[in-house]
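Here is how the chains run, residue by residue.
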Amino acid sequence: MRTIHVPAGAPYDVYVERGLLRSCDSMIADATGAKRFAIVSDDTVFALYGDAVTRTLHEAGYEAVAYVFPHGEASKSHETLLSLYAFLCENQITRTDALIALGGGVTGDLTGFAAATYLRGLPYVQIPTTLLAQVDSSVGGKTAVNLPAGKNLVGAFCQPKCVICDPDTLSTLPAAEFACGMAEVIKYGMIRDAALFETLIAHDADSISSVLDDIIARCIEIKRDLVAEDEFDTGARMLLNFGHTIGHAIERYTDFAWTHGQAVAVGMMLVSQRTAGQNVTELLSRCLAQYHLPTEAPAERAVLLPLCANDKKRAGGSLTYVACKTIGNGTLHRVPVADFMNTMG
Ligand code: NAD
Ligand code: GLY
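The following paragraphs examine the structure supplied in this document.

Definitions and limits used
- Residues numbered from 1 in each chain as written.
- Chains lettered and ligands numbered in written order.
- Predicted model: local features only at pLDDT ≥ 70, side-chain atom pairs only at ≥ 80, totals over all residues.
- Heavy atoms only, no water.
- Phe/Tyr/Trp six-rings, centres within 6.5 Å; stacked < 30°, edge-to-face > 60°.
- Helix = DSSP H or I, 4+ residues; strand = E, 2+ residues; numbered from the N terminus.
- Lys NZ or Arg CZ within 6 Å of the ring centre and 35° of its normal.
- Near = heavy atom within 4 Å.
- Polar contact = N/O pair within 3.5 Å; in protein donor to acceptor, adjacent residues only side chain to side chain.
- Areas by Shrake-Rupley, 256 points an atom, 1.4 Å probe, with all protein chains shown as cover.

The subject of this paragraph is the packing of aromatic side chains. In this description, a pair of aromatic rings is defined by centroid distance and the angle of the planes. The final tally for this structure, using the stated rule, is six aromatic pairs. Seen from their ring centres, Phe 157 and Phe 232 are 5.1 Å apart, and the 85° between their planes marks the pair as edge-to-face. Taken together, the residues span a long stretch of sequence, with Phe 157 in strand β8 (residues 150–157) and Phe 232 in the loop between α8 (212–229) and α9 (244–253) at a distance of 75 residues. Ring pairs connect the aromatic residues Tyr 67, Phe 69 and Phe 87, which therefore count as one cluster. Lys 187 extends its terminal NZ or CZ atom over the ring of Tyr 188, reaching a point 5.3 Å from the ring centre.

See below:
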């Protein structure tokens, strides 16, 4: 088993091993100190993995109840959050108990925010089941729900007590969701690790499974390093936003018909075309295509760029964007919004 220690303000371990889901009881109990658990999961994931997690806890003598909500981004809402709080009250979940987020980034963000706020905070554990959640959202303690005005507008930093990452769960993940996670994996190679990028270029969507566990662990290490350096997202952690400002504009332009991964893929391309050499942009394009991700924008830059002006990451009149002039070396550029428009236009 790989164990990756995250030295955040409240430090914790990320465990990566196939089959872990079926024997995670002691890890969860040791990390949280709890004996009663509320498993939070969406309907798709709970149908696939809910029994396995519940059984391992019950067999070890722990109590576990389950809150299951409809899958999809629409559930990352204050309505679901209020219904989850009500469930926790009805089941008399107290601060000595713990929450378990079993699922993708939606489940992790929702559960983490409930854990940060219910009874002024109780422990929680992440069991990520999408590639995106395994390499990104389950680590680092960003939790949130969406508002009608935009994504992740209410949230808190709240680190999990541990993260249990079982790559076997990815066997049931739809190809489109896997591709979404691969966009973030490619991003890690671009911003921090040329060797990881080379591995990605040497494989494709069919052959990557042979090295997937190593890749997941490497991405978690990169995220661990960025979180250790900048837990509260005021500096180095912003490198994780490579391609995301234009990506969010593409998500809005397509009315979320494009997945986050597709939008980020093209966001990275559009930034590279203006900030990196042709060789870097061509390699990025080849890599994205190998994992069935798009490389062409759904609209002209002149249409997409105005949508970036409302980006959540805007601070006053400035935006911070990430450039990768060479692969593996992302750099941050804080510029007035007008300069961003000129550079990217
Ligand atoms: P998700 O949780 O909605 O999962 C995607 C879909 O896959 C869902 O329909 C789910 O039911 C299904 N699914 C999950 N695991 C499965 C499995 N093993 N087999 C079959 N189906 C499975 O979405 P996501 O892509 O995991 O995460 C996106 C969310 O993560 C967004 O809300 C985003 O804002 C958030 N996010 C958070 C952070 C962070 O740092 N907190 C980072 C990146 C993204
Ligand atoms: N996924 C962005 C972050 O964790 O900072």
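Once you've had a look at it, read on.
Before going further, it helps to spend a moment on unusual backbone geometry. We note that Arg 120 has phi near 60°; this positive angle belongs to a residue other than glycine. Summarising the element assignment, Arg 120 is placed in the loop between α4 (105–117) and β6 (124–128). Positive phi values are uncommon outside glycine, yet His 292 reaches one of about 60°. Relative to the assigned elements, His 292 resides in the loop between α11 (278–290) and α12 (301–308).

Contacts to ligand 1 come from 26 residues, most closely from Asp 42, Glu 73, Gly 105, Thr 130 and Thr 172. Within the side chain of Lys 76, one N or O atom sits 2.8 Å away from an oxygen atom of ligand 1. Lys 151 places a polar side-chain atom, nitrogen or oxygen, 3.5 Å from an oxygen atom of ligand 1. Protein burial of ligand 1: of its 860 Å² of free accessible surface, 89% is covered by the chains. Counting only elements with at least two residues in the shell around ligand 1, the list comes to α2 (43–59), α4, α5 (131–137) and β8. When residues in the shell around ligand 1 are grouped by element, the largest group, four residues, is from α2.

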